[in-house]
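Structural description and commentary
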Amino acid sequence: MRQEKADDFIQMAKSFAKAERELGVQKWVSISIERVDKNRNREQIFNYDLPREVYERWEWVVNWRRAKLVCKYPKDHVNCYFSFYDKRLGNNPKFTADLKTLTSAKAQVTRVQRKIDEYIAYNKANNLFFDENTDEDLLKARKKLVIKMANVKAAEERLKQKIKQVKEKTI
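Here goes a summary of the coordinates provided. Note that the structure is a prediction, hence the values are computed from the model and not measured. (Residues numbered from 1 in each chain as written. Predicted model: local features only at pLDDT ≥ 70, side-chain atom pairs only at ≥ 80, totals over all residues. Heavy atoms only, no water.)

Let's shift gears to the sheet that holds strand β1 (residues 27–36). Backbone-to-backbone hydrogen bonds join strands into a sheet, with any given pair of strands oriented parallel or antiparallel. An order of β2-β1-β3 is seen for the 3 strands of this open sheet, with the pairing classed as antiparallel. The open sheet has two edge strands, β2 (42–51) and β3 (77–86), and neither has a second partner. Ignoring strand direction, the axes of neighbouring strands in this sheet form an average angle of 15 degrees. Sheet analysis places β1 next to β3, joined by 10 bridges and oriented antiparallel. Bridge pairing in β3 places W28 opposite Y85. Together, β1, β2 and β3 form the strand contacts of helix α3 (residues 59–72), whose direction differs from that of β3 by roughly 155 degrees. (Pairing = 2+ DSSP bridges. Helix = DSSP H or I, 4+ residues; strand = E, 2+ residues; numbered from the N terminus. Axes fitted to C-alpha atoms, helices over the stretch in contact; angles between N-to-C directions. Contact = heavy atoms within 4.5 Å.)

Structure follows, in structure tokens:
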């Protein structure tokens, strides 16, 4: 396995962010603070439901609230639970897994398309005999791109079907 560069990870993160923007993902976090007494009885003390950007900016508020509750209940365990989810789909693990699959597939398409564009630009600048229609590496990459685009379509359809099924069950 080759050594990964930091630039590769940065590009991958950018691809995921672009795919999430295209999908219109609304990142939210549900934060639950509960205490567990000596008899293992659980009591939910506090609950936050915030956009993730607000949580990341005001994380100290959650830490302060937890510290205050630890001081208030010194003999009990005070636990903080975080659940990150997409607001449109709700806090349903079925949707979360499919949304991650779809985001990953879109990120792969973006990454392959970027590599193809870089390859074409490099070869046009440095290779006098470069032909996009006959280059074997480029043709292989484009076939892979078509397969990855089909994976995106399939992932979108699976997600739509699951949303439709859940809506039918709730009605």
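The next thing to look at is the environment of Q113. In this structure, Q113 sits in helix α4 (residues 93–126). Judged by its relative accessible area of 29%, Q113 is partly exposed. For the pair Q113 and A141, spaced 28 residues apart in sequence, the C-alpha separation works out to 8.8 Å. (Buried < 20%, exposed > 50% of the residue type's maximum accessible area, 1.4 Å probe, protein only.)

With 13 residues, the main nonpolar core has L102, I116, I120, L138, L145 and V152 as its most contacted residues. Those elements that place two or more of their residues in this core are α4 and α5 (136–170). Tallying contributions element by element places α4 first for this core, with 7 residues. Discounting chain neighbours no more than four positions away, the residues touching I120 are F130, E132, L138 and R142. (Core = buried A, V, L, I, M, F, W, Y, C linked by side-chain atoms within 4.5 Å.)

With the rule as written, the count across this model stands at 4 aromatic pairs. Ring centres 6.0 Å apart and planes at 50 degrees place the aromatic pair W58 and W60 in the tilted group. For W60, a relative accessible area of 52% corresponds to the exposed category. Taking NZ or CZ as reference, R35 lies 4.3 Å from the ring centre of Y73, over its face. Of note, R65 hangs over the ring of F46, and the distance from its end group to the ring centre comes to 3.9 Å. (Phe/Tyr/Trp six-rings, centres within 6.5 Å; stacked < 30°, edge-to-face > 60°. Lys NZ or Arg CZ within 6 Å of the ring centre and 35° of its normal.)

This part covers the environment of S30. Relative to the helices and strands, S30 is located in strand β1. For S30, a relative accessible area of 18% translates into the label buried.

Under the defined criterion, the tally for this structure stands at 5 salt bridges. Note that R35 is salt-bridged to E43, the shortest N-O span being 2.9 Å. Note on E43: relative accessible area 36%, which makes it partly exposed. A salt bridge links D76 to R35, with the nearest nitrogen and oxygen atoms 2.4 Å apart. Highlighted residues: D76 in the loop between α3 and β3 and R35 in strand β1, separated in sequence by 41 residues. The exposure class of D76 is buried, given its relative accessible area of 18%. Through salt bridges that share partners, R35, E43 and D76 make up one connected network. (Salt bridge = Lys/Arg side-chain N within 4 Å of Asp/Glu carboxyl O.)

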